[in-house]
Amino acid sequence: GWDFSVFENKNLLRFIQIKPLFLSSTKIKRDESNTIKLYIYDLLTKITNEAKAIKAKRIVIDSITLIESFIRDKYLRRVGLSYFIQSLKQLGSTILITSTILHTKPESLSLSGVVEFLVDGIIKLEYDPGREEFKRTISILKMRRTKHSEFIHPFEFTKDGIKIILV
């Protein structure tokens, strides 16, 4: 129910679309490394410019899965994602990155299996429609330099935000 245009007009919020590159398959094979470098650099430049323009304290990447899927070569994906995330960290803002967990690879928290090693914290939200109650759960799988709960907690989305249900 938020009217995001109000926040955008006050320079409190910016949206940047992550768009894939459309190149012929021949050109991608020939120049894949350079194409990926340019794509990551261009994306970082856009994010950096917008973040500086509004003095962003928080940056949300929704979703890193989209960026991962653009990079087919495993080595280039690892290098590109590592550079991308390390560069975001240097902005001095809190960075929130969402990722989709594939049902075919539930042991991996990202498409590449790399992102979870590069970030400082992982909060996992799950939805199980087959459960009788507490269909939604939240757990903190990783949070560097701080103690945190190691339990799975039921939660619900409310008009006031996320509410953890104490049982």
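Parameters at a glance
- Residues numbered from 1 in each chain as written.
- Predicted model: local features only at pLDDT ≥ 70, side-chain atom pairs only at ≥ 80, totals over all residues.
- Heavy atoms only, no water.
- Helix = DSSP H or I, 4+ residues; strand = E, 2+ residues; numbered from the N terminus.
- Buried < 20%, exposed > 50% of the residue type's maximum accessible area, 1.4 Å probe, protein only.
- Contact = heavy atoms within 4.5 Å.
- Areas by Shrake-Rupley, 256 points an atom, 1.4 Å probe, with all protein chains shown as cover.
- Core = buried A, V, L, I, M, F, W, Y, C linked by side-chain atoms within 4.5 Å.
- Salt bridge = Lys/Arg side-chain N within 4 Å of Asp/Glu carboxyl O.
- Polar contact = N/O pair within 3.5 Å; in protein donor to acceptor, adjacent residues only side chain to side chain.
- Pairing = 2+ DSSP bridges.
- Axes fitted to C-alpha atoms, helices over the stretch in contact; angles between N-to-C directions.

Novice: Any chance you could explain the overall build of the protein here in plain terms?
Specialist: Looking only at helices and strands, the protein has five helices and six strands in total. Along the protein, helices (α) and strands (β) appear in the sequence α-α-β-α-α-β-α-β-β-β-β when read from the amino end. Looking at the protein as a whole, 29% of its 167 residues qualify as buried. In the protein, once contacts between residues fewer than 6 apart in sequence are set aside, the share between residues at least 24 apart is 51%. For the protein, the exposed surface amounts to about 12300 Å²; the carbon and sulfur share of it is 56%.

Novice: Please clarify how the nonpolar core should be interpreted in this entry.
Specialist: Looking at soluble globular proteins, one finds that nonpolar side chains tend to be buried together. In this structure, I40, L43, I47, I61, I67 and F84 are the most contacted members of the largest nonpolar core, which totals 26 residues. Every element with two or more residues in this core is listed here: α2 (25–53), β1 (58–61), α3 (64–70), α4 (74–89) and α5 (115–118). Here the element with the most residues in this core is α2; it accounts for seven residues. Once residues lying within four places of it in the same chain are set aside, the contact partners of L43 are I18, I67 and F84.

Novice: Please explain the pattern of salt bridges as it appears in this structure.
Specialist: Two side chains bearing opposite charge may form a pair once their charged atoms approach each other closely. Counting across every chain of the model gives five salt bridges. Among the ionic pairs, D42 bridges to K46, the shortest N-O distance being 3.3 Å. Placement of both D42 and K46 in helix α2 is noted, with a separation of four residues, approximately one turn of the helix. Residue D42 is classed as partly exposed on the basis of its relative accessible area of 38%. A relative accessible area of 37% places K46 in the partly exposed class. A salt bridge links K124 to E126; the nearest nitrogen and oxygen atoms lie 3.8 Å apart. Shared partners join several salt bridges into a network, and the residues in it are K89, D120 and R144.

Novice: Explain the side chain of S87 here, please?
Specialist: With respect to the secondary-structure elements, S87 resides in helix α4. A residue is classified by how much of its surface remains accessible, and S87, at 17% relative accessible area, is buried. Of note is the side chain of S87, whose polar atom sits 2.8 Å from the backbone oxygen of Y83.

Novice: I'm lost on the sheet that holds strand β6 (residues 161–164) in this one. Help?
Specialist: Hydrogen bonds along the backbone pair up the strands of a sheet, which may run parallel or antiparallel. Here four strands make up an open sheet; going across it, the order is β3-β4-β5-β6 and the pairing antiparallel. Only two strands of the sheet have a single neighbouring strand rather than two, namely β3 (121–127) and β6. Strand-to-strand, the axes of this sheet are offset by a mean angle of 40°, without reference to chain direction. As judged from the two bridges shared by strand β4 (residues 136–143) and strand β5 (residues 153–158), these two strands associate in the antiparallel manner. When the sheet's bridge partners are listed, I138 is paired in β5 with H153.

Novice: What is the right way to look at unusual backbone geometry in this model?
Specialist: Trans peptide bonds make up the majority, and among non-glycine residues the majority have a negative phi. That bond from D62 to S63 is cis: its omega, 15°, falls within 30 degrees of zero. Locating S63 in the fold gives a position in the loop between β1 and α3. If you check the backbone angles, K55 has positive phi at about 50° while not being a glycine. With respect to the helices and strands, K55 occurs in the loop between α2 and β1. With relative accessibility at 71%, the residue K55 sits in the exposed group. Non-glycine residue R145 carries a positive phi angle of around 60°.

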